[in-house]
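# Examination of the molecular architecture
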Amino acid sequence: MGWTDHLHERCMIGGLWVEADGGETIAVNDPSTGEVLGSVPKMGRAETARAIDAAQAAFGEWSAMTAAERCALMLKLHQALMDHQADLGELLCREMGKPLAEARGEIAYGAAFVRWFAEEGRRIYGDAIPSPWRDKRILATQAPVGVVGAITPWNFPNAMIARKLGAALGAGCAMVCKPASATPFSALAVAALVEEAGLPKGVFNVVTGSASAIAAEMCENPKLRKITFTGSTEIGKELASNATRHMKRVSMELGGNAPFIVFDDADLDAAVAGAMASKYRNSGQTCVCANRILVQSGVHDAFAAKLARAAEGLKVGRGYDEGVTQGPLIDAAALEKVEEHVADMLAKGGEIVTGGARVGNQGTFFQPTVVKNATTDMKPFREETFGPLAPLFRFETEEEAVAMANDTPYGLACYFYTRELGRAFRVMERLQFGMVGVNEGIISTEVAPFGGVKDSGMGTEGSKYGLDDYLVRKYALIGGLGF
Ligand code: SIN
């Protein structure tokens, strides 16, 4: 098989491959060349309602299985994902642009959530609560929330689905997923493998098309009980407010503005390696990417020089070409945003250490860039660049660094490098973020809780806590026991 065997151009509803009611389609491009890879149906409310019905029907069967039965089927799905890792990775690389090695790594990362939650689903416990009555008993159990609507982003077309789907399935829920229109093929490929693995038809449905119409149906349809979203804070706020008006549970994994602090006492080479991984992973297009790099005066110049040298070692190009380590940005708007941030910095006194321009005149490639003399009035201090720009801010004291780091409405990930144990704990405790990397630039794993505070959202994905958002608590008072 090859990657094109996993490219499905119809949606999956109730185990069937279907077109949009009106036959309309959306083209999907390779961001490296702009060439059309294929198309997917442009669906709306009616098709979403049918997908919710299909999920509701499957929910009955799926939630009635024992956790061990669900676990066995989910492990088959994990195996299917890993058996097709190379091809799924190439499909992902073609539609999204990230380098092949990163794309294949993402398939393994996504599959790990399926395996993790297959196992965690067997450990959903309840309590027997000491009863205030001699003749009655109290149970507090946990039940699956029901049908879940997932709206997923283009930057991790597989893993952000798998992280939600794994938790939903492990908890006993069924799902309707609306993937990003830029990268729907990875979602449809997962749907095909869910079928192949033998999970009940309708337990995972994929609808592509109009985000506003699909989201509206998800928010208002009474059969859908929860919405999980990964994407921008702006859309997340709107979605959460619409969903909660209809009493849906919500999980929101939203934008970040991650500070990456390098103290004078840091292991500088480790800090450069961490910054490279954090900043340039996925060409800077992750919610947890270092967005503001704060460097203490004593090591500032040395760090800037080393980071620039490392950034110059990256190879920009089409993700599927040999040796490429930086792919294109997802689209022209993303490229323009990086240019706008660089221009804003230069206009306000920033100085380019390396990069700063587009690469070639085809696709959406931008040089891995380092700009120093960054100040807090520049755009990257306030906004997520979502691209390969590393702005370097200079600071003098620990207090100043912590205050600068926390000076943002966002609170997803943050990072800092130090060799002093006391400072490690002090700074870790003072940073107002959901996730902290201490001497580490990559923190994501299926076993740890992923989630933000403040405008970065609500809810936790991955880890043993990741099931909580897909479960409801149920109290039973048992009387009539005859004693
Ligand atoms: C994201 O950028 O939304 C997810 C990144 C990750 O899982 O590491």
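A brief look at the structure comes next. (Residues numbered from 1 in each chain as written. Predicted model: local features only at pLDDT ≥ 70, side-chain atom pairs only at ≥ 80, totals over all residues. Heavy atoms only, no water.)

## Digging into a nonpolar patch on the surface
Residues Trp-133, Tyr-475 and Leu-477 make up a contiguous nonpolar surface patch of about 320 Å² in total accessible area. For Tyr-475, the position within the fold is in strand 22 (residues 471–478). (Patch = residues over 30% accessible without salt bridge, like charges linked within 9 Å, V, L, I, M, F, W, Y side chains within 5 Å. Areas by Shrake-Rupley, 256 points an atom, 1.4 Å probe, with all protein chains shown as cover. Salt bridge = Lys/Arg side-chain N within 4 Å of Asp/Glu carboxyl O. Helix = DSSP H or I, 4+ residues; strand = E, 2+ residues; numbered from the N terminus.)

## Here's the deal with the state of the cysteines
As enumerated under the stated definition, the model contains zero disulfides in all. Cys-177 provides the cysteine sulfur closest to Cys-11, a residue in no disulfide bond, and the two sulfurs are 10 Å apart. Cys-289 takes part in no disulfide bond, and the closest cysteine sulfur to it belongs to Cys-287, at a distance of 8.5 Å. The class for Cys-289 is buried, based on a relative accessible area of 5%. (Disulfide = S-S within 2.5 Å. Buried < 20%, exposed > 50% of the residue type's maximum accessible area, 1.4 Å probe, protein only.)

## Description of the pattern of salt bridges
For the structure shown, the criterion picks out 26 salt bridges. Residues Arg-50 and Asp-21 are paired through a salt bridge, measuring 2.4 Å at the closest nitrogen-oxygen approach. With a gap of 29 residues between them, Arg-50 in helix 1 (residues 45–64) and Asp-21 in the loop between strand 2 (16–18) and strand 3 (25–29) connect regions that are remote in the sequence. Assessed through its relative accessible area of 40%, Arg-50 is described here as partly exposed. The closest approach of N and O atoms between Arg-45 and Glu-217, which form a salt bridge, is 2.9 Å. Of the two residues, Arg-45 sits in helix 1 while Glu-217 sits in helix 7 (residues 211–220), which places them 172 residues apart along the sequence.

## What to know about the sheet that holds strand 16 (residues 389–395)
The strand order across the open sheet formed by seven strands is 14-15-16-13-12-18-19, and the pairing between neighbours is mixed. The open sheet has two free edges, formed respectively by strand 14 (351–354) and strand 19 (435–438), since each of these has just one partner strand. Sheet twist, expressed as the mean angle between neighbouring strand axes with direction ignored, is 25°. The sheet contact formed by strand 13 (residues 290–296) and strand 16 spans four bridges and is parallel. Along strand 16, the bridge assignment pairs Val-295 with Arg-394. Contacting strand 14, strand 15 (369–374) and strand 16, helix 11 (residues 332–347) runs over the sheet at an angle of about 30° to strand 16. (Pairing = 2+ DSSP bridges. Axes fitted to C-alpha atoms, helices over the stretch in contact; angles between N-to-C directions. Contact = heavy atoms within 4.5 Å.)

## Some remarks on the pairing of strand 13
Looking along a regular strand, one sees side chains alternate from face to face of the sheet. For strand 13, the buried fraction is high: seven of the seven residues fall into the buried class. Of the strand pairs in this sheet, strand 12 (residues 258–262) and strand 13 are connected by five bridges, and their pairing is parallel. Bridged to Val-262 within strand 13 is Val-295. As for the winding sense of the linkage, the β-α-β connection from strand 12 through helix 9 (residues 268–280) to strand 13 is right-handed. (Right-handed = clockwise from strand over helix to strand, strands pointing away.)

All quantities given are derived from atomic positions and should not be read as evidence of function.
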